[in-house]
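A structural walkthrough
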Amino acid sequence: MQKPSLPEGTRDFGPEQARKRAWIFDTIRSVFVKFGFQPLETPAMENLSTLTGKYGDEGDQLLFKILNNGDFLKDADPELLAAKNSAKLLPQISKRGLRYDLTVPFARFVVMNRQTLTFPFKRYQIQPVWRADRPQKGRYREFFQCDADVIGSDSLLYEAELTQIYDEAFAKLGIPVVILINNRKILFGIAEAAGIADRFMDMTVAIDKLHKISPDGVRQELARKDIPADSIEKVMKILANPSLEALRPLFANSETGLKGIAELERVFHLLGKTPLKNEIRFDITLARGLTYYTGCIFEVANKRIGMGSIGGGGRYADLTGVFGMPGLSGVGISFGADRIYDVLDRLNLFPENLNESVPVLFVAFDEATHEYAFECVSRVRVAGLAAELYPEPGKLKKQFEYAAKRNVPYVVIVGETEMASGMLTVKNQISGEQRNMTVEELIGFLSK
RNA sequence: GAGAUUGUAGCUCAGCUGGUUAGAGCGCUGGUUUGUGGCACCAGAGGUCGGGGGUUCGAACCCCCUCAUUCUCCCCA
């Protein structure tokens, strides 16, 4: 007999976990829908050509590839095979891969359906993605992403609305958060002001680590990238600056930097016209590693416990360009569902009633009462309520233990007396109190 | 890709410098209580000590290989 096991970095979600996760997804989805986003689902697998080259060299390595069906070595180049040249052999033996995120499939979908879509196109998508990463704390090889993106508009209204979505969703989930906002153009302004515009990405990647490593660590990181010492000090000096206002004079010679300031001011202006439940903060050190962001960028941090970011996103100028449809600006956000789960779990913030499976369980003593109970259960279900009947009549002890383990709040006892009178015995499992009532009364009782 | 960690019952773990029939708690099954669960008591089932090889009179424990886990770095959610 073989021991059952799970592939590295994957997990099962048992009933309780699955219910909690469904609650998270439903909560987030309801906010997406409220802001007019439409659902989209794409296949788990994409053509490898769609995926490769979109996430950098590292990303390509982390793609799960799917072996071709049939005799997949038949058409493989014998020389490559003999040389064990995996990299060059790959396209000959694998045509498909599992999706790595939801953004690239979304871009592919938009380009393929450009004739029928109405722009701006707002979609949300809640599906699993796969990465052949080394699993560790809070990181899995299969995990869910909850994305909302708008494509086909460069209006800053959407930056404001997506911030509102974060605000409302986390308020509904009961997690107090800080929503951090920055703008890639401001980061570019820093690079220009420090005279290292050509090293923009190196600088960004280093700044992104500021939260993890000390300012000195960032200095070392920058120095390692051969950035001149005086430029490094200029960068660090600007980073120490917390407000948009004070930034403006420093960006006198950076048109892009000034534009970034103006964009953020516009977003904050719009947000000022609506009540928000969480703190929204400009954070000049927020960088985000992904290269395709070009404007505003977001990140959500929970206030209670340290645990990476639980959401992030930003504006990208040209996501569909690689698929031959340039000039479409988009902006999107993502919720880290798995980490949100961990935060809710650690802080005990899940709603109480989530682990109740059914509101009522029927129990009976013998064949005759069991059949009568079956009729009663059916009538409760016809009324639209969930109900369950224990499969065998007999010992109440066993049936009550089952009810307790399933967290059923009410148990209906059906015996000869009940069957004769039509008055069921209904026991409240929490208080222990018992009452007699007809099926109709039970339905009314459970409905409120 | 690099480094570390752990692997003993369904679960969480104990097992002293290698020594005879491998333990506990929880869970499970049955009973005390065949019209009432959570508590208590009693009894019981359940393990080729991740797998393979080696050292030894003797290995859960020491050595080698292998598989798997968890964590850190890189990168990211």
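See the structure above.
Predicted model, so just to flag it, every value in this text is computed and none were measured. (Residues numbered from 1 in each chain as written. Chains lettered and ligands numbered in written order. Predicted model: local features only at pLDDT ≥ 70, side-chain atom pairs only at ≥ 80, totals over all residues. Heavy atoms only, no water.)

**A closer look at the sheet that holds strand E10 (residues 311-316)**
Here we have eight strands laid out as an open sheet, ordered E1-E5-E6-E11-E10-E9-E7-E8, and mixed in their pairing. Two strands close off the open sheet at either side, each with one partner strand: strand E1 (38-39) and strand E8 (279-282). As paired elements, strand E7 (residues 177-183) and E8 share four bridges and run parallel to each other. Each residue of the ladder has a partner; that of isoleucine 179, found in E8, is isoleucine 280. Along the sheet, helix H14 (residues 337-346) contacts strand E6 (142-151), strand E9 (293-302) and strand E11 (330-335); its crossing angle with E6, the most-contacted strand, is approximately 115 degrees. (Pairing = 2+ DSSP bridges. Helix = DSSP H or I, 4+ residues; strand = E, 2+ residues; numbered from the N terminus. Contact = heavy atoms within 4.5 Å. Axes fitted to C-alpha atoms, helices over the stretch in contact; angles between N-to-C directions.)

**Some remarks on the environment of leucine 98**
Of note, leucine 98 is situated in strand E4 (residues 96-98). Once the C-alpha coordinates of leucine 98 and leucine 63 are considered, the two residues, 35 residues apart in sequence, prove to be 6.9 Å apart. Setting aside residues up to four positions removed in sequence, leucine 98 forms contacts with Ala44, Met45, Leu51, Leu63, Phe64, Ile66 and Trp130.

**Quick look at the protein's contact with RNA strand B**
In the vicinity of RNA strand B there are 34 residues, among which Arg131, Arg139, Lys405, Thr417 and Gln434 approach most closely. Separating a sugar or linking oxygen of RNA strand B from a side-chain N or O atom of arginine 131 is a distance of 2.6 Å. Contacts to RNA strand B include lysine 137, whose backbone N or O atom sits 3.2 Å from a phosphate oxygen. Mapped onto the surface near RNA strand B, the elements with two or more residues apiece are helix H16 (396-405), helix H17 (416-421) and strand E15 (424-428). (Near = heavy atom within 4 Å. Polar contact = N/O pair within 3.5 Å; in protein donor to acceptor, adjacent residues only side chain to side chain.)

**Re the environment of leucine 102**
Residue position: leucine 102 is located in the loop between E4 and helix H6 (103-112). Overall, the relative accessible area of 0% leaves leucine 102 in the buried class. The spatial distance from the C-alpha of leucine 102 to the C-alpha of lysine 54 is 12 Å, given a sequence separation of 48 residues. Apart from residues lying up to four places away in sequence, leucine 102 is in contact with Arg123, Gln125, Gln127, Val129, Gln145 and Asp147. (Buried < 20%, exposed > 50% of the residue type's maximum accessible area, 1.4 Å probe, protein only.)

**Quick word on the pattern of salt bridges**
The tally for this structure, following the rule as stated, stands at 21 salt bridges. One salt bridge in this structure joins glutamate 279 and arginine 281, with 3.0 Å as the shortest N-O distance. Here arginine 281 falls in the partly exposed class, since its relative accessible area comes to 38%. Here arginine 406 and glutamate 388 are joined by a salt bridge, their closest N and O atoms 3.2 Å apart. With arginine 406 in the loop between H16 and strand E14 (410-414) and glutamate 388 in strand E13 (residues 388-389), this residue pair connects regions lying 18 residues apart in the sequence. (Salt bridge = Lys/Arg side-chain N within 4 Å of Asp/Glu carboxyl O.)

**Let's talk about the environment of alanine 262**
Among the secondary structure elements, alanine 262 is positioned in helix H13 (residues 255-271). The exposure class assigned to alanine 262 is partly exposed, which follows from its relative accessible area of 40%. Between the alpha carbons of alanine 262 and serine 357 there is a distance of 52 Å; along the sequence they are 95 residues apart.

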